[in-house]
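Take a look at the letters that make up each chain.
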Amino acid sequence: MAEARAESAPVIQQRDTRRQLRTAPIAATTLWAGTLAEVFDARLFRASTESVASRLEKHLAGVAIRGLELTDPEILTKTARGLMTPERDRIAAFDEERLSAIVDLYVRTGIQVHSPGAMGRQFSGVIPLAGVVDFVSSVVNQPSSFYEAGQLPNVAERIMAEELNRFIGWEPDSFAMVTTSGGSLANLTALLAARNKHFPDYWSQGGGALAGRPRPAIAVGADVHYSVSRAAGVMGIGDEQLVRLPLDADQRICLDRARAALAEAERRGLEVFCLVASAGTTAVGAFDPIDGLADLAREKGIWLHVDGAHGASLLVSDKLRGKLGGIEKADSLTWDAHKMMFVPAPCTLLFYRDKRDSLGAFRQQASYVFDEQPDIYTALDSGDKNFECTKRPMIMPLWALWSIHGRALFAEKIEYLCQLTEDIHRILVDEPDFEPVHRPEANILCFRHLPDGLGENEVHRLQLDIRNRLKIQGNFFISKVDIDGVAALRVVMMNHRTTTEHFRMLLGEIRRAGYDLRHRDHSSDSE
Ligand SMILES: *Cc1c(COP(=O)(O)O)cnc(C)c1O
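Residues numbered from 1 in each chain as written. Predicted model: local features only at pLDDT ≥ 70, side-chain atom pairs only at ≥ 80, totals over all residues. Heavy atoms only, no water.

Draft legend 1. How the structure looks around the overall build of the protein chain. What the protein chain contains, in helices and strands, is 18 helices and 11 strands. Relative to the compact-globule value of 24 Å for 527 residues, the protein chain shows a C-alpha radius of gyration of 26 Å, a close match. Along the first, second and third principal axes, the C-alpha atoms of the protein chain reach 75 × 70 × 45 Å. Here the contacts in the protein chain between residues at least 6 apart in sequence split such that 72% fall between residues at least 24 apart. Within the structure as shown, the protein chain displays about 26600 Å² of accessible surface, and the carbon and sulfur contribution to it stands at 52%. Put simply, the protein chain has 61 plus and 71 minus side-chain charges, and the middle of one group is 2 Å from the middle of the other. (Helix = DSSP H or I, 4+ residues; strand = E, 2+ residues; numbered from the N terminus. Rg over C-alpha atoms; globule rule 2.2 N^0.38 Å. Contact = heavy atoms within 4.5 Å. Areas by Shrake-Rupley, 256 points an atom, 1.4 Å probe, with all protein chains shown as cover. Lys, Arg positive; Asp, Glu negative; His and termini not counted. Charge placed at Lys NZ, Arg CZ, Asp CG, Glu CD.)

Right, dumping it as structure tokens:
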């Protein structure tokens, strides 16, 4: 084949280059020329990679307790500008010092996700090997919406779908999975599929398809993630057509009251087409009762979407899978691997129990796709099922880790983090000046600092002030959330290096911050 022969020539040249590299290692003093050819030179690639890798190695090996050091954006902008080449008209030569300074600044100004002090958010210090594979993705650049552009990523998606479906339990031949750039987009995609199934003319006719019908509505838990209400806005459903189901004392959708709330929505002239359950709410990590909600949804003839962006990963643990009991009855499931599977963001998997539904999100007439004659290659395309055209091959780090280390890597880390959260809950129960707001179901815990003599109307303000003070001090990074209208401190345990000792140190710092805040002159408070 002429084509194959034509392509073999550069391959031989590349081998020669590598041989040359071995005999002539790059010295630190190498002078780079600043040409287009140099910018693409494989030796420059190697030199810059090694330089960056050694800096990241130091960063990962650091054991300091750091959270986040917030920098004034003006100062950071000035510093960043100072790192830019003054050269305007010619290609500036590679400058290792400049690269190092950029990387150092990048690392230093981030949330220190690899430190035990980072407890504030649902993104984690990734498994370093995942970063290495992601780096390969960035170099070989194989977008994954179409098989021909990303062959291995598409096959890896299929394999990971099969691997993870073992824990969901759907029919291997009839479920589907598509990757999306984040859980928010997965939620929107699933809701579109649900709406188009329930209102088949909506995709082509828009709101006109609804003439004479009740208004479409979505039922959600009262503290559903904001991406769901945002999706309702995007879809033209309207925020007011969100039926908020009441929660029980554990912050989970209350099954009994859900039934009544759905009946009330019908009376108000709403047609609920989808019920969204959360598997791990963002605020407290509560798991809605999927099993009972699935029965309710089936009874009502509506779609059940499970937003497992945070908590679906618990499925890979034999000990914790029960939290999602009934998941096999759901119609769709959002699963963020960039949260509890510890890979770089974004990496989201959107599962459908019935693969035909996966074609409904962006095409009202699913049969259109079946009418096309897909060949063995285009059969793997996902472009018709996801919003993105160019899409990152986000599955690769997850699949590579799963291939190299296996499931236990994830199960072990997740189980440690959930156990740790139970342990710190017990610590809080024993501290007279702290109060946990709920019993943890996963790796999120919210609590309040209630020092002696604190008035009830001061509780909210104190939690917010403590959180800000800690952020400025930079040792521990925690977040805050309003629960029943009153602020609480929130930790998300994402790092297996974090221990109960670190948590006790955090409590000490909170106590000191609380003391300082209450015993200083509030009239000079400028915050
Ligand atoms: C994080 C989260 C989301 C949003 O996912 P992104 O990947 O950040 O877009 C949605 N739902 C829940 C429950 C979440 O925790």
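Draft legend 2. Spatial organisation of the sheet that holds strand β11 (residues 486–492). In space, the four strands of this open sheet follow the order β8-β9-β11-β10, with antiparallel pairing throughout. Both edges of this open sheet fall to β8 (434–436) and β10 (479–483), since each of them pairs with a single strand only. Sheet twist, expressed as the average angle between the axes of neighbouring strands with direction ignored, equals 40 degrees. With three bridges joining them, β8 and strand β9 (residues 444–449) adopt antiparallel strand pairing. Its bridge partner lying in β9, Pro436 is registered against Phe447. Running at roughly 15 degrees to β9, helix α16 (residues 408–430) makes contact with β8, β9 and β11 of the sheet. Helix α17 (residues 459–473) contacts β9, β10 and β11 of the sheet and is inclined by roughly 35 degrees relative to β11. (Pairing = 2+ DSSP bridges. Axes fitted to C-alpha atoms, helices over the stretch in contact; angles between N-to-C directions.)

Draft legend 3. Focus on helix α12 (residues 290–300). Residues of α12 that are buried: Ile290, Gly292, Leu293, Ala294, Leu296 and Ala297. Contacts made by the buried residues of α12 are with α11 (255–267), β4 (270–278) and β5 (303–308). Backbone geometry just after α12 places Gly301 at a positive phi near 70 degrees. (Buried < 20%, exposed > 50% of the residue type's maximum accessible area, 1.4 Å probe, protein only.)

Draft legend 4. Focus on the site of the ligand. What surrounds the ligand is a group of 15 residues, the closest being Gly183, Ser184, Asp307, Asp336 and Lys339. At 2.7 Å from an oxygen atom of the ligand is found a main-chain nitrogen or oxygen belonging to Gly183. Contacts to the ligand include Thr282, whose side-chain N or O atom sits 3.1 Å from an oxygen atom. For the ligand, whose unbound accessible area comes to 380 Å², protein coverage reaches 87%. (Near = heavy atom within 4 Å. Polar contact = N/O pair within 3.5 Å; in protein donor to acceptor, adjacent residues only side chain to side chain.)

Draft legend 5. Structural view of the nonpolar core. Grouped together as the largest cluster of nonpolar side chains are 93 residues, with contacts concentrated most on Trp335 and Phe351. Top element by residues in this core is α16. It accounts for eight residues. For this core, the two domains that each supply at least three residues are domain 2 (142–405) and domain 3 (409–526). Within the second largest apolar cluster, 29 residues are counted, among which are Ala190, Tyr202, Val224 and Ala231. (Core = buried A, V, L, I, M, F, W, Y, C linked by side-chain atoms within 4.5 Å. Domains from an automatic or database assignment.)

Draft legend 6. Up close: the sheet that holds β4. Pairing within the open sheet is mixed, and its seven strands lie in the order β1-β7-β6-β5-β4-β2-β3. In this open sheet, the two edge strands, each paired with only one partner strand, are β1 (176–180) and β3 (242–245). Adjacent strand axes in the sheet meet at a mean angle of 20 degrees when their direction is disregarded. In terms of strand pairing, β4 meets β5 through five bridges, oriented parallel. Bridging from a neighbouring strand, Ala277 pairs with Val306 of β5. Here helix α10 (residues 226–234) sits on the sheet in contact with β2 (215–221), β3, β4 and β5, set at roughly 160 degrees to β3. On top of the sheet, α11 reaches β2, β3 and β4; it is set at about 155 degrees to β4, its chief contact.

Draft legend 7. Representation of the side chain of Asn154 within the structure. Positionally, Asn154 belongs in helix α7 (residues 151–168). The class of Asn154 is buried, set by a relative accessible area of 3%. Side-chain polar atoms of Asn154 contact the backbone oxygen of Phe146, separated by 3.5 Å.

Draft legend 8. Quick look at the pattern of salt bridges. A full pass over the atoms with the stated rule returns 29 salt bridges. Among the salt bridges present, the one from Asp134 reaches Arg392, with a minimum N-O distance of 3.2 Å. Remark: Arg392 occurs in the loop between α14 (367–371) and α15 (395–405) and Asp134 occurs in helix α6 (residues 128–140); sequence separation between them is 258 residues. By relative accessible area, which is 16% here, Asp134 ends up buried. (Salt bridge = Lys/Arg side-chain N within 4 Å of Asp/Glu carboxyl O.)

Draft legend 9. Structural context of the pairing of β3. Pairing between β2 and β3: four bridges, direction parallel. The partner of Ile218 across the bridge, within β3, is Leu242. In this view, the connection linking β2 to its parallel neighbour β3 by way of α10 has right-handed handedness. (Right-handed = clockwise from strand over helix to strand, strands pointing away.)

Draft legend 10. Looking closely at the packing of α6 against α15. Running from N to C, α6 and α15 point in directions that differ by 130 degrees, and their axes come no closer than 8 Å. As far as their axial angle goes, α15 and α6 are oblique. Read as a crossing pair, α6 and α15 show a hand that is right-handed. Between α6 and α15, the contacting residues are Leu129, Ala130, Val133, Asp134 and Ser137 on the first element and Met396, Pro397, Ala400, Leu401, Ile404 and His405 on the second. (Parallel < 35°, antiparallel > 145°, perpendicular 65-115°, else oblique. Left-handed = near helix turned anticlockwise from the far one by under 90°.)

Draft legend 11. Structural view of a nonpolar patch on the surface. A contiguous nonpolar surface patch, about 420 Å² in accessible area, is contributed by Phe45, Phe135, Val136, Val139 and Val140. In this structure, Phe135 sits in helix α6. Owing to a relative accessible area of 36%, Phe135 belongs among the partly exposed residues under this scheme. (Patch = residues over 30% accessible without salt bridge, like charges linked within 9 Å, V, L, I, M, F, W, Y side chains within 5 Å.)

Draft legend 12. Here's a closer look at the packing of aromatic side chains. Tallied over the entire structure, the rule returns 14 aromatic pairs. Centroid distance Trp32 to Phe94: 6.1 Å. Interplanar angle 85 degrees. Geometry classified as edge-to-face. Pair noted here: Trp32 is in the loop between α1 (2–23) and α2 (36–39) and Phe94 is in the loop between α4 (73–82) and α5 (96–108), with a separation of 62 residues, a long-range link. You can call Trp32 buried: its relative accessible area is 17%. Note on Phe447 and Phe503: the rings are 5.8 Å apart at their centroids and 75 degrees apart in plane angle, and the pair reads as edge-to-face. Placement of Phe447 in strand β9 and of Phe503 in helix α18 (residues 500–518) is noted, with a sequence separation of 56 residues between them. Like Phe447, the residue Phe503 is buried in the burial classification. Here the aromatic residues Phe167, Trp402 and Phe410 are joined through ring pairs into a cluster of three or more. Cation over ring: Arg195 sits above Tyr202, and NZ or CZ is 3.8 Å from the ring centre. Across the ring face of Phe342, the terminal group of Lys413 is positioned such that the distance to the ring centre comes to 4.4 Å. (Phe/Tyr/Trp six-rings, centres within 6.5 Å; stacked < 30°, edge-to-face > 60°. Lys NZ or Arg CZ within 6 Å of the ring centre and 35° of its normal.)

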